[in-house]
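Observations on the three-dimensional arrangement
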Amino acid sequence: MIDFTFPPEVDDVRLRVRRFMDEEVRPAHDAVPHGDRRALVAEIVRLRGRARDHWNLWLPHMPAEWGGMGLGPTAMAAVSAEAGKVPIGPYVLNAQAPDEGNQHTLLHWGTEEQKERYLRPSCEGRVRSCFAMTEPEVAGSDPTLIRTRAERDGDEWVVNGHKWFISGARGASFALLVARTEDDPDVPQAANSCFIVDLPSDGWEVVRDIETMSGSHNHCEIRITDLRVPAANMLGGRGQGHLLGQYRLGPARLAHCMRWIGQAESALDMMVARSLERYSHGSVLAEKQGIQWLIADSAVELYQCKLMVLHAAYRIEHGLDFVAEVSMAKHFVANSLWRIVDRAIQVHGALGYSTDTPLASMLRQARWSRFADGADEIHQMRIAQRTIAAFRDHGTTRTATGSLPL
Ligand SMILES: Cc1cc2nc3c(=O)[nH]c(=O)nc-3n(C[C@H](O)[C@H](O)[C@H](O)COP(=O)(O)OP(=O)(O)OC[C@H]3O[C@@H](n4cnc5c(N)ncnc54)[C@H](O)[C@@H]3O)c2cc1C
């Protein structure tokens, strides 16, 4: 039997997150004057205390021995969709990118010493971290092209290179840095290794916080010059940087999808609310067929998003191969988010284009979802390759459409 309900304890957490967001986090976020970063950070710090001590909502994705709530991917889908409705929601729960992905990575790949030194303070919310892979000079879509190099020198590695769009780099206490260590790997994917870099460090220069189409959000350009990293700070083995990146990115991509579902749901709620109050040509917008199509298309897409994310999460949770399902979900949810927010703006007219509602900011943010963590075309390429291979192997594409019993 297929059961689409959550166990009562997961439902309890989900509803607690919703109440916390509605009663405390959203009002506090909305009360901060636009652009006042210092005030926003102060509010996040205060709300983190509330999340932990009052609401018992802290580090939902990590096991109890690390101070977390031990939720699996399907329960996390519910939690993240609720938290994702407020921009600072995931931060308040200490479940934000890139820390969430870094925590999973350290938990899986770190030695005991590395975990105590880096994972512990991250879980306790005492430090933040970043993940440094993408480079301006080569296509981020193909990590085998990475040029940042690490050379072994005694008990240390010496790293030189250039990174950009490193989220959260300013203020981070450590970075997971991917660099080329192997000259002649068996396969191109085995050229890179991953290092834990203490920050700040000599040789790690934050050149700038890159100004994007939605402002500056601590996505930084980093120049790396003769940076010395102790050999003990390699995470995973030599040549495992690509593997580790893939391990990190699978669930991390899905975690993004979960937060995007929260955003898409907020946009649809706003679309319907506006359509019920705006009056034109003898009736409210909700009664116009043209507007109903926008609402219907959005509802259908959001339903698809939820099913895809829940199914991919289910596969991760049950130890099944999840790469294809996460890829399809990431591609579909990213594009649905864009379309649903765009339709909500359409229904709001000039108000939607203004910054009086969060929709304009949501649309600008939504734009990066279609190429970060795997561009649309890369996911489409992989999905097509798997579909063609399934047909070649089995004479049918059935196994490439979500591995469902249909
Ligand atoms: C807001 C934001 C936050 C980010 N945070 C981080 C971070 O914390 N750490 C980090 O390391 N990186 C981060 N990134 C970088 C992100 O991971 C890269 O943007 C992504 O991997 C794509 O790489 P690229 O930008 O170099 O695009 P490219 O690889 O140059 O691709 C550009 C476009 O070319 C097309 N394309 C590329 N390859 C193919 C192909 N094989 N077939 C067909 N079309 C193709 C696609 O349309 C793609 O969008 C972030 C980016 C953004 C926007």
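Quick caveat: nothing in here was measured; it's all calculated off a predicted structure. (Residues numbered from 1 in each chain as written. Predicted model: local features only at pLDDT ≥ 70, side-chain atom pairs only at ≥ 80, totals over all residues.)

Overview of helix H3 (residues 73–83)
- Counting buried positions along H3 gives 11 out of 11 residues, so the element sits mostly inside the fold.
- Every buried residue belonging to H3 is among Pro73, Thr74, Ala75, Met76, Ala77, Ala78, Val79, Ser80, Ala81, Glu82 and Ala83, and all of these are buried.
- Along its buried surface, H3 packs onto helix H1 (8–31), helix H4 (89–92), helix H7 (241–277) and helix H8 (289–317). (Buried ≥ 20, exposed ≤ 12 C-beta atoms within 10 Å, placed from the backbone. Helix = DSSP H or I, 4+ residues; strand = E, 2+ residues; numbered from the N terminus. Contact = placed C-beta atoms within 7 Å.)

Some words on the nonpolar core
- Counting residues in each nonpolar core, the largest one holds 100 residues, and the members touching the most others are Phe195 and Val309.
- Looking at this core, the element that brings in the most residues is H7, giving 14 residues.
- If near-sequence neighbours (up to four positions away) are discounted, valine 309 is found in contact with Ala77, Leu254, Cys257, Met258, Ile261, Ala329 and Val333. (Core = buried A, V, L, I, M, F, W, Y, C linked by C-beta atoms within 7 Å.)

Re the site of the ligand
- In the vicinity of the ligand, 21 residues are found, and the nearest of them are Met133, Ala139, Gly140, Ser141 and Ala375.
- Contributing elements (two or more residues each) for the shell around the ligand: strand S1 (129–132), strand S3 (156–167) and helix H12 (376–394).
- When the residues that make up the shell around the ligand are grouped by side-chain class, the tally is 14 nonpolar, five polar and two charged.
- Each of two domains, domain 2 (129–235) and domain 3 (243–400), supplies a minimum of three residues to the shell around the ligand. (Near = placed C-beta within 6 Å. Nonpolar A, V, L, I, M, F, W, Y, C, P; charged D, E, K, R; others polar. Domains from an automatic or database assignment.)

Quick word on the pairing of strand S6 (residues 204–212)
- With seven bridges connecting them, S6 and strand S7 (residues 215–230) associate as antiparallel partners. Bridging from a neighbouring strand, glutamate 211 pairs with serine 216 of S7.
- Counting the residues in the hairpin turn of S6 and S7 gives two residues. (Pairing = 2+ DSSP bridges.)

Let's talk about the packing of helix H9 (residues 323–348) against helix H11 (residues 359–368)
- For the pair H9 and H11, the least separation of the axes is 9 Å and the interaxial angle reads 155°. Of the possible angle classes, the one that applies to H9 and H11 is roughly antiparallel. You can see that H9 and H11 cross each other, and the crossing is left-handed. Contact residues: Leu337, Trp338, Val341, Asp342, Ala344, Ile345 and His348 in H9; Leu359, Met362, Leu363, Ala366 and Arg367 in H11.
- Of the residues in the contact of H9 with H11, the class split is nine nonpolar, one polar and two charged. (Axes fitted to C-alpha atoms, helices over the stretch in contact; angles between N-to-C directions. Parallel < 35°, antiparallel > 145°, perpendicular 65-115°, else oblique. Left-handed = near helix turned anticlockwise from the far one by under 90°.)

Some thoughts on the pairing of strand S4 (residues 174–180)
- Within S4, seven of the seven residues are buried, leaving the element largely enclosed by the surrounding structure.
- The alternating pattern of S4 places Phe174, Leu176, Val178 and Arg180 on one face and Ala175, Leu177 and Ala179 on the opposite face, and all of these are buried.
- Pairing of S1 with S4, which is carried by four bridges, proceeds in the parallel orientation. Each bridged residue has a counterpart across the sheet, and for alanine 132 the counterpart in S4 is leucine 177.

Some details on the environment of isoleucine 383
- Mapped onto the secondary structure, isoleucine 383 falls in helix H12.
- Sequence-wise, isoleucine 383 and glutamate 325 are 58 residues apart; in three dimensions their C-alpha atoms are separated by 9.1 Å.

Overview of H8
- Compared with the 42 Å implied by 1.5 Å per residue over 29 residues, the 42 Å span of H8 between its first and last C-alpha is a close match.
- Taken together, the buried positions of H8 are Ile291, Leu294, Ser298, Glu301, Cys305, Lys306, Met308, Val309, Ala312, Ala313 and Arg315.
- On its buried face, H8 sits against H3, H7 and H9.
- Note on H8: the residue one or two positions beyond its end, glycine 319, has a positive phi of about 65°. (Expected span 1.5 Å × (residues − 1).)

Topic: the domain arrangement of the protein
- For the protein, the domain assignment lists domain 1 (8–110), domain 2 (129–235) and domain 3 (243–400).
- Just the C-alpha atoms count here: the centres of domain 1 and domain 3 sit 21 Å apart.
- With 19 residues of domain 1 at the interface, the matching set in domain 3 holds 22 residues.
- Where the side of domain 1 that touches domain 3 is concerned, the elements lending two or more residues are H3 and helix H5 (99–109).
- Residue contributions to the side of domain 1 that touches domain 3 peak at eight residues, all from H3.
- Of the residues contributing to the side of domain 1 that touches domain 3, the split by class is eight nonpolar, eight polar and three charged.

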